[in-house]
Amino acid sequence: MADEREGTTTAVSETVLDVRGLTVSFPTGGGMLRAVRGVDFALRRGECLGIVGESGSGKSVSALAALGLLGRDAHIDGSVFLDGRDARSLAPAQLRALRGTFASMIFQEPSRSFDPIYSIGRTFQETLRVKDPTLSRAECQATAVRLLSEVHIPRAEERLKNFPHQFSGGMLQRIMIALALANDPDLLIADEPTTALDVTIQAEIVGLLDELRSRRGLSLLFISHNLALVGQIADRILVMYAGLVLEEGPAGIVLSQPRSPYTRALLDALPSWGSHYGKERLRTISGSVPDPTRHEPGCPFAPRCPLVAERCSAAIPPLVRDEDQAAGAGPRAGAYRCILPGVKT
Amino acid sequence: MSDIIRVSDLAKVYKLEAGIFASASRWVWALNGVSIAIRHGETYGLVGESGSGKTTLAKALVQLFPHTSGRIEYFTGNERWEITQSDPRLLRRFRSDVKYVFQDPSSSLDPRMEVRRILTTGLRYAERSPGSARLVERARDVLVAVGLREDDLERRPSEFSGGQRQRISLARALISDPRVLICDEVVSALDVSIQGQILNLLIELKQKFSLTIIFIAHDLTVVSYMSDRIGVLYGGSLMEEAPTAELVRSPLHPYTQLLYGAMPRLDGKLPERGSTGGAPYNPTRPPVGCPFVGRCPLEQEKCRTVKPELREVRPGHRVACHFVG
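Residues numbered from 1 in each chain as written. Chains lettered and ligands numbered in written order. Predicted model: local features only at pLDDT ≥ 70, side-chain atom pairs only at ≥ 80, totals over all residues.

Participant: Give me the lowdown on the overall build of chain B, citing residues and values where you can.
Facilitator: Along chain B, the regular secondary structure elements total eleven helices and twelve strands. Computed over the C-alpha atoms, the radius of gyration of chain B is 21 Å, within 12% of the 20 Å expected from 2.2 N^0.38 for a compact globule of 325 residues. Across its three principal directions, the C-alpha atoms of chain B cover 65 × 50 × 50 Å. By residue count, 42% of the 325 residues in chain B fall in the buried class. Sequence-distant contacts, at least 24 apart, represent 63% of the contacts inside chain B between residues at least 6 apart. (Helix = DSSP H or I, 4+ residues; strand = E, 2+ residues; numbered from the N terminus. Rg over C-alpha atoms; globule rule 2.2 N^0.38 Å. Buried ≥ 20, exposed ≤ 12 C-beta atoms within 10 Å, placed from the backbone. Contact = placed C-beta atoms within 7 Å.)

Participant: Requested: an account of the interface of chain A and chain B, with residues and values cited.
Facilitator: Taken together, the contact between chain A and chain B spans 35 residues of the former and 36 residues of the latter. Sorting the residues of the side of chain A that touches chain B by element identifies α9 (199–216), α10 (227–233), α11 (251–256) and α12 (261–269) of chain A as the ones contributing at least two each. For the side of chain A that touches chain B, the element with the most residues is α9 of chain A, which contributes seven residues.

Participant: Please provide a residue-by-residue account of the pairing of strand β11 (residues 311–314) of chain B, values included.
Facilitator: Each regular strand displays side chains that alternate between the two surfaces of the sheet. All names here are of chain B. Pairing of β11 with strand β12 (residues 317–319), which is carried by three bridges, proceeds in the antiparallel orientation. Bridge pairing in β12 places Glu-312 opposite Arg-318. Taking the residues between adjacent antiparallel strands as the criterion, β11 and β12 are bridged by two residues, where Gly-316 takes a positive phi near 80°. (Pairing = 2+ DSSP bridges.)

Participant: Give a detailed account of the pairing of strand β2 (residues 31–44) of chain A, specifying residues and quantitative values.
Facilitator: Residues and elements named next belong to chain A. Two elements, strand β1 (residues 15–28) and β2, share eleven bridges in a ladder whose sense is antiparallel. Residue pairing across strands places Thr-23 opposite Arg-37, the latter belonging to β2. If you look at the hairpin formed by β1 and β2, you'll find two residues sitting between the two strands.

Participant: Tell me what's going on with the confidence of the model for chain B, and back it up with residues and numbers.
Facilitator: In the predicted model, chain B carries a mean pLDDT of 90, and the fraction of residues at 70 or more is 95%. Listed scores for the predicted complex are pTM 0.88 and ipTM 0.83. (pLDDT = per-residue confidence, 0-100.)

Participant: Which residues make up the sheet that holds strand β5 (residues 79–82) of chain B, and what are the values?
Facilitator: Residue and element names in this part refer to chain B. Spatial strand order, β2-β1-β4-β5: four strands in an open sheet with antiparallel pairing. At either end of the open sheet lies a strand with only one pairing partner, and these are β2 (26–39) and β5. Mean inter-strand twist for the sheet, computed between neighbouring axes without regard to direction, equals 20°. Contacts from helix α1 (residues 54–61) reach β1 (3–16), β2 and β4 (69–76) within the one sheet, and its direction differs from that of β1 by about 115°. (Axes fitted to C-alpha atoms, helices over the stretch in contact; angles between N-to-C directions.)

Participant: Any details on the packing of helix α5 (residues 120–131) of chain A against helix α6 (residues 137–150) of chain A? Residues and values, ideally.
Facilitator: Residue and element names in this part refer to chain A. The contact between α5 and α6 brings their axes to 9 Å, and the two run at 105°. Overall, the two elements α5 and α6 adopt an arrangement that is roughly perpendicular. In contact with Gly-121, Phe-124, Gln-125 and Leu-128 of α5, α6 contributes Arg-137, Cys-140, Gln-141, Thr-143 and Ala-144. Class assignment of the residues belonging to the contact of α5 with α6 gives a composition of four nonpolar, four polar and one charged. (Parallel < 35°, antiparallel > 145°, perpendicular 65-115°, else oblique. Nonpolar A, V, L, I, M, F, W, Y, C, P; charged D, E, K, R; others polar.)

Participant: Before we move on, could you go through helix α6 (residues 162–174) of chain B and cite the residues and values that matter?
Facilitator: Residue and element names in this part refer to chain B. The first and last C-alpha atoms of α6 sit 19 Å apart over 13 residues, in line with the 18 Å expected at 1.5 Å per residue. Burial analysis of α6 places twelve of its 13 residues in the buried class, which makes it a mostly covered element. Listed in full, the buried residues belonging to α6 are Gly-163, Gln-164, Arg-165, Gln-166, Arg-167, Ile-168, Ser-169, Leu-170, Ala-171, Arg-172, Ala-173 and Leu-174. (Expected span 1.5 Å × (residues − 1).)

Participant: Describe in detail the nonpolar core, supporting the description with residues and values.
Facilitator: Ranked by size, the top nonpolar core spans 177 residues in total, and within it Leu-221 and Val-239 of chain A together with Cys-183 and Ile-214 of chain B carry the most contacts. It is helix α8 (residues 169–180) of chain A that contributes the most residues to this core, eight residues altogether. Dropping the residues within four chain positions of it, Ile-214 of chain B is found in contact with Ile-38, Tyr-44, Leu-46, Ala-58, Val-180, Ile-182 and Cys-183 of chain B. (Core = buried A, V, L, I, M, F, W, Y, C linked by C-beta atoms within 7 Å.)

Participant: Which residues make up the environment of Ala-265 of chain A, and what are the values?
Facilitator: Residues and elements named next belong to chain A. Turning to its location among the elements, Ala-265 is positioned in helix α12. A C-alpha to C-alpha distance of 8.3 Å links Ala-265 and Pro-306, two positions 41 residues apart in sequence. Each residue touching Ala-265, except ones within four places of it in the same chain, is listed here: Ile-285 and Pro-306.

Participant: Quick rundown of the environment of Ile-72 of chain B? Include the residues and the values.
Facilitator: Residue and element names in this part refer to chain B. Assignment of secondary structure puts Ile-72 in strand β4. Sequence separation between Ile-72 and Arg-6 is 66 residues; the distance between their C-alpha atoms is 5.9 Å. Residues contacting Ile-72, with those up to four places away along its chain left out, are Val-7, Leu-10, Leu-61 and Ile-83.

Participant: Go over unusual backbone geometry with me, naming the residues and quoting the values.
Facilitator: In this model, Asp-83 of chain A sits at a positive phi of 55°, which is unusual for a non-glycine residue. Secondary-structure assignment places Asp-83 of chain A in the loop between β4 (75–82) and β5 (85–86). Asp-83 of chain A gets classed as partly exposed once you count the C-beta atoms within 10 Å, which come to 17. Positive phi outside glycine occurs at Gln-63 of chain B, with the angle close to 60°. Structurally, the position occupied by Gln-63 of chain B is in the loop between α1 and β4. According to the C-beta neighbour criterion, Gln-63 of chain B is partly exposed, with 16 such atoms within 10 Å.

Participant: Describe the packing of α6 of chain B against helix α7 (residues 192–208) of chain B, and please don't skip the residues or the numbers.
Facilitator: Two quantities define a packed helix pair, namely the angle between the helix axes and the distance between the axes. Residues and elements named next belong to chain B. It is at 10 Å that the axes of α6 and α7 come closest, and there the two elements cross at 20°. As summarised for this structure, α6 and α7 are arranged roughly parallel, according to the angle between their axes. α6 and α7 meet at a crossing whose hand is right-handed. Where α6 approaches α7, its residues Gly-162, Gly-163, Gln-166, Arg-167, Leu-170 and Leu-174 are matched on the opposing element by Ile-194, Gln-197, Ile-198, Leu-201 and Leu-205. In the contact of α6 with α7, the residues fall into six nonpolar, four polar and one charged. (Left-handed = near helix turned anticlockwise from the far one by under 90°.)

Participant: Can you explain α9 of chain A? Please cite residues and give values.
Facilitator: An α-helix turns once per 3.6 residues; consequently, residues spaced three or four apart project the same way. When the terminal C-alpha atoms of α9 of chain A are compared, their 25 Å separation across 18 residues agrees well with the 26 Å that a helix rising 1.5 Å per residue should span. Every buried residue of α9 of chain A is accounted for by Val-199, Thr-200, Ile-201, Gln-202, Ala-203, Glu-204, Ile-205, Val-206, Gly-207, Leu-208, Leu-209 and Arg-213 of chain A. In the core, the buried residues of α9 of chain A are packed alongside β3 (48–52), α8, β7 (187–191), β8 (219–224) and α10 of chain A together with α10 (254–261) of chain B. Downstream of α9 of chain A by one or two residues, Gly-217 of chain A has phi in the positive range, about 65°.

Right under this line is the structure:
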C-alpha cells in the first residue's frame with residue numbers, strides 16, 4: 001500500500017499541515033492547565049496521520065489549535081502552516097477563508113452535530129450558501145445529491161427531505177462526512193469519528209474515509225484512543241501523553257516494535273485477540289494520568305513507567321529523531337522520547 | 001457444572017406511547033424469546049451491536065422492569081426460585097445475590113454521598129441487614145478488596161478518578177456478598193491504561209468471592225479475554241453461543257462472522273466490509289423469519305418466513321441459522 005502511494009506523491013509532495021513547537025494552555029482556578037506542551041507534526045498530501053492517546057493527552061486540543069478553533073481563553077504558542085501559509089499570523093477573517101476552502105472537520109457524535117429541526121437538505125443548503133450565497137435551491141440540491149452519493153447514501157434525493165432522527169448513527173456520520181466534503185477540502189480532521197458507533201459501522205466509516213483519501217487525494221488527520229483502529233488507516237502514528245509526543249513513526253513499526261515504554265505499556269495493557277484470562281493476566285499500567293495543572297519536571301510517564309530510573313524525573317527527555325542518530329535514516333523515519341539506554345534500538 | 005440462572009424464552013416488549021410526534025402507540029420488540037443458562041462459577045459474555053438486546057436482557061434478569069413473557073429461574077442451595085415482580089420479598093433476596101454494575105461510574109454514584117454511605121445504603125434496606133456497626137466494617141473490607149484505602153470511606157465520588165470510581169461501583173456491588181455480578185460495559189468509559197487494571201481486578205474478585213459473572217461489552221477482544229462462554233445477540237434473539245475458544249476460532253453464524261470480521265486488530269489490515277449494507281433490524285417491525293434478514297449474505301426465501309431455531313451443531317456450540325451445520 002505504501003509503495004503505491006510513493007509513486008503518486010512524488011508529483012505533489014507538499015506539506016498540507018505543518019505544526020511546530022505548538023503549546024496550548026488554559027487558565028483555570030487551580031493554575032495554568034498545560035494541555036499541549038510542545039508538539040511538532042507534519043501531514044503530507046494524501047497521507048493519513050493518526051494521533052493516539054488517552055483522554056487528556058492533548059490530541060484533540062492540538063488539532064483544534066492547528067485550525068484556530070480554540071476559544072480566546074486558550075494561550076497558544078508555536079507555529080502552524082496550513083497549505084504553506086502561516087495560519088497564526090492571519091487575521092481571523094483571512095484564517096476563516098483559508099479554513100473554509102482548505103480544511104474540514106468531523107466529530108465524535110454525529111447526532112449532536114446536526115440541528116434536529118432542519119432537514120438534511122436544508123442543512124446542506126445552509127452549509128453550501130456560506131461559500132456562495134447566490135446558489136439556488138436546485139443547485140444546492142444537486143450538489144447535496146452528488147455529495148451524498150459519494151458517501152454511499154442510497155436514494156439521496158428522497159433522503160434530503162428527512163430529518164436527523166430518521167437516520168441511524170452510521171448514516172448520520174456519512175452525511176457529516178458529505179457535509180465536510182462540501183468545501184472540497186484538502187485536509188480532513190476526524191476526531192474520534194467512530195467512537196459512538198458499532199464495530200460493523202465503524203469498519204464502514206473507516207473504509208469510506210480511506211476510499212475518499214485515495215479518490216480525492218485527501219490528507220487525513222485521524223484522532224482516536226483506539227490503537228488498532230488507527231493502525232488500520234494511518235500511514236504514520238503520533239503517540240501523545242500529557243501534552244507531549246512520546247513516539248512517532250510509520251504505523252506498522254510503532255505498533256509492532258514500539259520504542260517508547262509508554263507505547264509498549266499501552267499495547268501490553270490491551271488483551272490480544274484470542275487471549276484468555278485463564279492463561280495470562282494483562283500487564284497493566286499502574287496509577288493514572290498526571291494532573292495537567294501540576295507542573296512536575298521530568299518525563300510525564302516516569303511515575304507509571306515500568307523501566308523508570310532516577311534521572312527520568314530530572315528533565316523532560318528530548319524527542320530523539322532517527323536522522324539525529326544515523327545519517328541516511330531519512331526524515332520519514334521515527335522519533336521517540338526516552339533517555340533510558342535499554343530502550344534505544 | 002450446575003446452572004445458577006436459567007432464562008427460558010424471555011421476551012420484553014415496550015410500548016411507545018402516542019404523543020406529539022406519533023399519532024398511534026407502537027410496540028418495540030426488544031427481546032424475542034431468549035434462552036440462556038448461566039453456569040455456576042463461569043463468566044458468560046454477551047456481545048452484539050447496540051439495540052441487540054444485551055442490556056435489556058441483563059436488566060430484565062434483575063427485574064429492573066418486568067419481562068413480558070418467559071421465565072427466569074435462580075438456583076441457590078437446593079432451592080429453585082422463579083423470579084417475578086409478584087414476590088417482593090424473594091425479589092429483594094435475589095437482588096442481594098445478583099448485583100448489577102453500570103457502565104458510567106460518574107453517573108451511577110451519587111455525588112453528594114461520601115463513599116461510606118454509597119456502599120452501605122443498599123445493604124441497610126436489604127432483607128438481612130447486618131446492623132450499622134457491622135456495615136461500616138464490611139464497607140471497609142470491600143473497599144480494600146477493590147484496591148482503595150480505608151480512609152477513602154469519607155471522601156466523595158468527585159475526589160476520585162474514573163478508574164477509582166469504577167472500583168467504588170464494584171465495592172458497592174460486592175458489599176452484599178453476591179453470587180452473581182452483571183457487568184454492563186464496565187470498562188467502556190475508561191482509558192486503555194485503566195481498563196486493564198479493572199479487568200485484572202474483576203478476575204481477582206471473581207476468584208476471591210467465588211463469583212459468577214455476566215460480562216457485557218462491545219469490545220469483542222475484551223469479552224473474549226474475560227469470558228468462558230459467549231452468547232451473540234442480534235435483534236433481541238440469540239444467534240450463536242459457544243465456548244470462547246471455539247467461537248474465536250470458528251464463528252459459524254453469518255452475523256458473528258460479520259461482527260468479528262469488522263473488528264479492528266493490531267495486525268493493521270483494513271477490516272472486511274461490504275455485506276453490511278442492508279437495513280438493520282427494526283424493533284418496531286420485527287420480521288417473521290430470521291432477524292438478520294436484509295443484511296445476511298446467505299439469505300434465502302426460507303429465512304424470511306421461518307425463524308431459525310437454536311441448534312447444537314457441536315458440543316456446547318449452538319447456532320440459529322438454517323444454513324449452518
